[in-house]
Amino acid sequence: MPGERRVRMGRIVGVSGVRGWVKLESWAEPRLAIFDYQPWLLETGPGEFRELRGARGREQGKGLVAELPGVADRDQAAALTGVPIWVPRAALPPLGTGEYYWTDLEELEVVTVEGTALGRVSHLFDTGVHPVLVVRDGDRERLIPFVPGQHVRSVDLDAGRIVVDWDPDF
């Protein structure tokens, strides 16, 4: 597991019942797909992970609930509240041409079509219309719509670079 790339897929947000079930927030699409990506790596402390295999769950109301192996009562479940759920990057399915997992774009260098360095991708967020790259260079932060062909001209994962058509003063 050291040096293995991980993707944060959700977190434990509370307890459900008295038999050790937990409530989950899932960032998988669809959200139930979080159960397809295993093992889970529960981040129990900074840089500390507990591998968990065999989590299963279902939708309940507006959220998800899960039964975790080795978690048998409400107290054990409560101790996991707030714990992030990661999965190994290798557990995710391969993508088609021109598709990217956000985690693969993070930390890439961003340059304009003219070659001006804008910084590195800190993270992305979704506006409902399209994703947005958050590009940081020191104290400066730029929000660049991730719209291939319009603002994003190319993504080269091997070179670690995204080329954008963007005004560096904006």
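What you are looking at is a predicted structure, and each value in this text was computed from that prediction instead of being measured.

A.B. asks: Please explain the nonpolar core as it appears in this structure.
C.D. replies: Most often, soluble globular proteins have nonpolar side chains that are buried together. Core analysis: the largest hydrophobic core is formed by 26 residues, its most contacted members being Met9, Ile12, Leu24, Ile34, Trp40 and Leu68. Put simply, the parts of the chain that give this core at least two residues each are β1 (6–16), β2 (21–26), β3 (40–45), β6 (63–67) and β7 (84–88). With 4 residues, β1 is the single largest residue contributor to this core. Judged by nonpolar contacts, the second largest core, of 15 residues, contains Leu105, Leu133, Ile144 and Val164.

A.B. asks: Hey, could you run me through the environment of Glu106 in this one?
C.D. replies: Relative to the assigned elements, Glu106 resides in the loop between α2 (102–105) and β8 (109–112). Taking the C-alpha atoms as reference points, Glu106 and Val134, separated by 28 residues in sequence, lie 9.2 Å from one another. Sequence-distant contacts of Glu106, defined by excluding residues within four places in its chain, comprise Val121, Ser122, His123 and Leu124.

A.B. asks: Before we go on, may I ask you to explain the side chain of Thr112 in this structure?
C.D. replies: Structurally, Thr112 can be placed in strand β8. Overall, the relative accessible area of 2% leaves Thr112 in the buried class. Ignoring any residue separated from it by four or fewer positions in sequence, one finds Thr112 in contact with Leu118, Val163, Val164, Trp166 and Pro168.

Cut-offs used in this document
Counting restarts for each chain: residues are numbered from 1 in the order of the written sequence. Local features in this predicted model are restricted to residues of pLDDT 70 or higher, and side-chain atom pairs are both shown and tallied only at a pLDDT of 80 or more, whereas totals for entire chains, interfaces and linings draw on every residue. Calculation of side-chain values draws on the structure's entire complement of heavy atoms; hydrogens and water are dropped beforehand. Residues belong to one nonpolar core when they are buried, are Ala, Val, Leu, Ile, Met, Phe, Trp, Tyr or Cys, and are joined through side-chain atoms within 4.5 Å. Accessible area is worked out with a 1.4 Å probe on protein chains only. A residue is then buried under 20% of its type maximum, exposed over 50%, and partly exposed in between. Each helix corresponds to a stretch of at least 4 residues labelled H or I by DSSP, and each strand to a stretch of at least 2 residues labelled E; elements are numbered beginning at the N terminus. Note on contacts: a residue pair qualifies if any of its non-hydrogen atoms lie within 4.5 Å across the two residues.

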